[in-house]
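Here is how the chains run, residue by residue.
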Amino acid sequence: MSKALSDTLAAVPLPALMIDGTERIVAANAAVRVLIGQGIEGRNYVTMLRQPAVIDAVEAVLRDSRPREAQYLANDGVQDTTFQVTVRVVADHKAIMLCFLDVTHVEQAGQMRRDFVANVSHELRTPLTALMGFIETLRGPARDDAAARDRFLDIMEGEAGRMNRLVGDLLSLSRVEGDERVRPRDTVNLTDILSSVLRTLTPLADEAGVTFDQAFGAPSVDMVGDADQLMQVFTNLIENAIKYGASGGRVTVQIDRARRDPALRVPGVRVHVIDYGAGIDSIHLPRLTERFYRADSHRNRALGGTGLGLAIVKHIINRHRGRLRIDSTLGQGTQFTVILPVQAPTQTDAG
Ligand code: ADP
C-alpha cells in the first residue's frame, strides 16, 4: 500500500478510498473506515462495499474509465443515512477513487418539501371541494329556493374564510421562517402586549363563556423583541386556550420573572397560558408544533383551526432565543409556557 496514496486521502475532507486494477482497496482514509469498517485496505472491494449499485459503478469505471455516481446506504446507529458516491479514475489510470458525500439532509429536505406541498394541497382542497359542490347546487336544485340559498351561502362563506385563514397562516409562517435568523432589536413592553391581546380576544372569550384571570405582577416587563410577532404568539396561544379549553370556563395568563432562568441561563421571563379544559393526550405533545399536526383532527377542523398556529409560535420563539413548554393533563387542562430572555443581545452572541 502506497503511503503517498494514504497521505493524499487523509487530506480529502470526505470518506474516500482507492481501488487498483486488481480490484483491491489500496488506500482508505479514517472517515471511510468509520463508514465501512476497519482493516479494509488490501481487501477486495466487492466484499467490503457489498451494495450492488456501488459495485456496478466501480466495475463500469474499471472497464471504460468513465466517471460514475451511485448511492450508498448506511446507518450511523441513530438513523439511515444516504451517501452519493463518486467513482472516478485518478489521473495516472492505475487506480480509481471513491468519495462518499452525505446527502441525507438534502434528501430529508426534499421529502419535507414534498410532504408540505401535499399537506397544503389537501388542506385547500377540502374547502374548495365544498365550495364547488355548493355552486353546483345553487345553479341546479336550489336555484329557486331562497331559504336554501341563504343557508348555502353561509356555509360557502365559512369555507372561503377557512381558505383565507390558511393562506394567511401560510404567508405568516413563511415570513416568520424567513427572518428566524435575524434577531429582534426593538425594546417592547411585554405587559402591554399581553394586555392588548387579552383586550382583542375578550369578545371571543365572551362568546365561548370564558373569563380571563390575569396575573401580570409589577413592575411591567421591558424586553428586546418584535412586538407584532410576540402579539401573534400570545394571540395564538390564548385563542387556542379559549377554543380548546372552553369547557374549563377560565383562562389564566400569568407572568413570572427570573433573574437567571434555569432553561435559558440568562435573565428571563415566563408567560403561562393555562386553560382548564379537556387537555391533550401526552402522545401528541412532542408533535404539536409540527405544521398541520392536530391532536383531534375532526373536532379541530370544525373549530376552524389551520393546524399552523403552534408552528408559527415555535418559529417566533426560536427567533427570540426562547423556549416553549407544554404541560397537559387529560380532563384537567393545558399549560403553555413561553420562556423568553429579557436582556438585550450582547455583542458576542449577536455575531
Ligand atoms: P389549530 O389551527 O388546529 O388550532 P395549532 O397549531 O394552533 O392548530 O394547534 C395544534 C393542535 O394542538 C390543535 O389542533 C389542538 O389539537 C391542539 N391544541 C392546541 N392548544 C390546545 C389547548 N389549549 N388545549 C387542547 N388542545 C390544544
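This is a predicted model, so every value here is computed, not measured.

(A) Main features of the overall build of the protein. A tally of regular secondary structure across the protein gives eleven helices and twelve strands. Relative to a compact globule of 351 residues, whose C-alpha radius of gyration would be 20 Å, the protein shows 29 Å and is clearly more extended. For the C-alpha atoms alone, the extent of the protein along its principal axes is close to 85 × 65 × 35 Å. The burial tally for the protein puts 41% of its 351 residues in the buried class. Carbon and sulfur atoms make up 52% of the accessible area of the protein, which totals about 19300 Å². The averaged location of the 43 negative side-chain charges in the protein is 4 Å from the averaged location of its 41 positive side-chain charges.

(B) Structural view of a positive patch on the surface. On the surface, Arg-260, Arg-265, Arg-323 and Arg-325 cluster together to form a positively charged patch. Of note, Arg-265 is situated in the loop between β9 (250-258) and β10 (268-275).

(C) Just the layout of surface pockets, in detail. In this structure, the second largest pocket occupies an estimated 370 Å³ of space. Met-112, Asp-115, Asn-119, Glu-290 and Arg-291 are, among the 14 residues lining the second largest pocket, the residues nearest its centre. Of all the elements, helix α5 (residues 104-139) adds the most residues to the lining of the second largest pocket, at four residues. A class-by-class count of the residues in the lining of the second largest pocket yields five nonpolar, three polar and six charged. Here the lining of the second largest pocket gathers at least three residues from each of two domains, domain 2 (109-179) and domain 3 (183-351).

(D) Empty space enclosed by the protein, seen in detail. By the definition in use, this model includes one cavity of 30 Å³ or more. Of the voids in this model, the largest cavity is the one considered here, and its volume is about 50 Å³. In this structure, the largest cavity is lined by Glu-123, Pro-127, Arg-162, Leu-166, Arg-294, Gly-305 and Thr-306. Listing elements by their share of the lining of the largest cavity, those giving two or more residues are α5 and α6 (146-178). Three or more residues apiece are contributed to the lining of the largest cavity by two domains, here domain 2 (109-179) and domain 3 (183-351).

(E) Local environment of the pairing of β10. Taken across its eight residues, β10 has eight buried, putting it largely inside the fold. Burial along β10 is two-sided: the face carrying Gly-268, Arg-270, His-272 and Ile-274 and the face carrying Val-269, Val-271, Val-273 and Asp-275 are both buried. For β9 and β10, the ladder comprises eight bridges, and the chain directions are antiparallel. The residue of β10 that forms the bridge with Asp-256 is Arg-270. Bridging between β10 and strand β12 (residues 333-341) involves eight bridges; their strand directions are antiparallel. Looking at β12, one finds that His-272 is bridged to Thr-337.

(F) Molecular detail of the sheet that holds β9. On the basis of which strands lie adjacent, the open sheet formed by five strands has the order β7-β9-β10-β12-β11 and mixed pairing. Every interior strand has two partners, whereas the edge strands, β7 (211-215) and β11 (323-329), have only one. Each strand axis lies, on average, 15° off the axis of its neighbour in the sheet, ignoring direction. Here β11 runs beside β12; their pairing, made up of seven bridges, is antiparallel. Opposite Leu-324, over in β12, you have Val-338 as the bridge partner.

(G) View of the domain arrangement of the protein. Examined at the domain level, the protein breaks down into domain 1 (3-102), domain 2 (109-179) and domain 3 (183-351). Computed from C-alpha atoms alone, the centre-to-centre distance between domain 1 and domain 2 is 52 Å.

(H) Region of the structure containing the packing of aromatic side chains. Here the structure, examined in full by the defined rule, presents four aromatic pairs. Taking 5.4 Å as the distance between ring centres and 90° as the angle between the ring planes, the aromatic pair formed by Tyr-72 and Phe-100 counts as edge-to-face. In this pair, Tyr-72 is assigned in strand β3 (residues 68-75) and Phe-100 in strand β5 (residues 95-102), connecting sequence segments 28 residues apart. Judged by its relative accessible area of 7%, Tyr-72 falls in the buried class. For Phe-100, a relative accessible area of 0% translates into the label buried. Centroid distance Phe-134 to Phe-152: 5.0 Å. Interplanar angle 40°. Geometry classified as tilted. A residue pair is termed long-range when its members are at least 10 positions apart, and Phe-134 in helix α5 and Phe-152 in helix α6 qualify at 18 residues. The class for Phe-134 is buried, based on a relative accessible area of 18%. Members of the aromatic cluster, connected to one another through ring pairs, are Tyr-72, Phe-83 and Phe-100. It is Arg-250 that lies over the ring of Tyr-276; its NZ or CZ is 4.1 Å from the centre.

(I) Inspection of helix α8 (residues 227-245) at higher detail. The terminal C-alpha atoms of α8, which comprises 19 residues, lie 26 Å apart, in line with the 27 Å expected from a rise of 1.5 Å per residue. In this structure Asp-226 caps α8, since a side-chain oxygen of it lies 3.2 Å from the backbone nitrogen of Asp-228.

(J) Expanded view of the packing of helix α7 (residues 190-208) against α8. The geometry of α7 relative to α8 is characterised by a closest axis approach of 9 Å and an angle of 30° between their N-to-C directions. Once α7 is placed against α8, the crossing between them reads as right-handed. For the pair α7 and α8, the contacting residues are Leu-190, Ile-193, Leu-194, Ser-196, Val-197, Leu-198, Leu-201, Leu-204, Ala-205 and Ala-208 in the first and Ala-227, Leu-230, Met-231, Phe-234, Thr-235, Ile-238, Glu-239 and Ile-242 in the second. Here the contact of α7 with α8 is composed, by residue class, of 15 nonpolar, two polar and one charged.

Definitions and cut-offs
- Along each chain, residues carry numbers from 1 onward, in the same order as the chain's sequence is written.
- Given that this is a predicted model, residues contribute local features only at a pLDDT of at least 70 and side-chain atom pairs are listed and counted only at 80 or more, while totals for whole chains, interfaces and linings are drawn from all residues.
- With hydrogens and water set aside, each side-chain value is computed from the structure's full complement of heavy atoms.
- Helix and strand definitions follow DSSP, with helices as H or I runs of at least four residues and strands as E runs of at least two, each counted in order from the N terminus.
- The quantity called the radius of gyration is restricted to C-alpha atoms. Its globule counterpart is 2.2 Å times the number of residues to the power 0.38.
- Burial status follows relative accessibility: with a 1.4 Å probe on protein chains alone, a residue under 20% of its type maximum counts as buried, one over 50% as exposed, and anything between as partly exposed.
- Using a 1.4 Å probe, accessible areas were evaluated by the Shrake-Rupley method; residue-level cover was limited to the displayed protein chains.
- Positive charges come from Lys and Arg, negative ones from Asp and Glu, while His and the chain ends are left out of the count.
- A charged residue contributes its charge at one atom only: NZ of Lys, CZ of Arg, CG of Asp or CD of Glu.
- Patches were defined on residues exceeding 30% relative accessible area and lacking a salt bridge, with like-charge contacts within 9 Å and nonpolar side-chain contacts (Val, Leu, Ile, Met, Phe, Trp, Tyr) within 5 Å.
- Note on definitions: salt bridges are taken to be side-chain nitrogens of Lys or Arg within 4 Å of carboxyl oxygens of Asp or Glu.
- In this analysis, the protein atoms alone were mapped onto a 1 Å grid. Cavities are point sets where a 1.4 Å probe fits without being able to get out; pockets are open sets with protein on both sides within 12 Å along at least five of seven lines; lining residues have an atom within 4 Å of a point.
- Grid points are joined across faces, edges and corners, and a volume is the space filled by probe spheres set on the points.
- Ten residues, namely Ala, Val, Leu, Ile, Met, Phe, Trp, Tyr, Cys and Pro, are considered nonpolar, four, namely Asp, Glu, Lys and Arg, are considered charged, and the remaining ones, Gly among them, are considered polar.
- A domain assignment, automatic or from a database, supplies the domain bounds used here.
- Note on pairing: two strands pair once DSSP finds at least 2 bridges between them.
- Here the axes come from fitting lines to C-alpha atoms, over the contacting stretch only for helices, and the angles between their N-to-C directions go from 0 to 180 degrees.
- Pairing of aromatic rings covers Phe, Tyr and the six-membered ring of Trp, with a centre-to-centre limit of 6.5 Å; geometry is then stacked below 30 degrees between planes, edge-to-face above 60, and tilted otherwise.
- Charge-over-ring placement is defined geometrically: NZ (Lys) or CZ (Arg) within 6 Å of the ring centre, and within 35 degrees of the ring normal.
- One less than the residue count of a helix, multiplied by 1.5 Å, gives the span that helix is expected to have.
- Pairs of N or O atoms within 3.5 Å make up the polar contacts considered here, provided that, within protein, one atom can donate a hydrogen while the other can accept it, and that residues adjacent in sequence are counted only when both atoms are side-chain atoms.
- Left-handed describes a crossing in which the near helix is turned anticlockwise from the far one by less than a right angle; the clockwise case is right-handed.
- Contacts are assigned to residue pairs that have any heavy atoms within 4.5 Å of one another.

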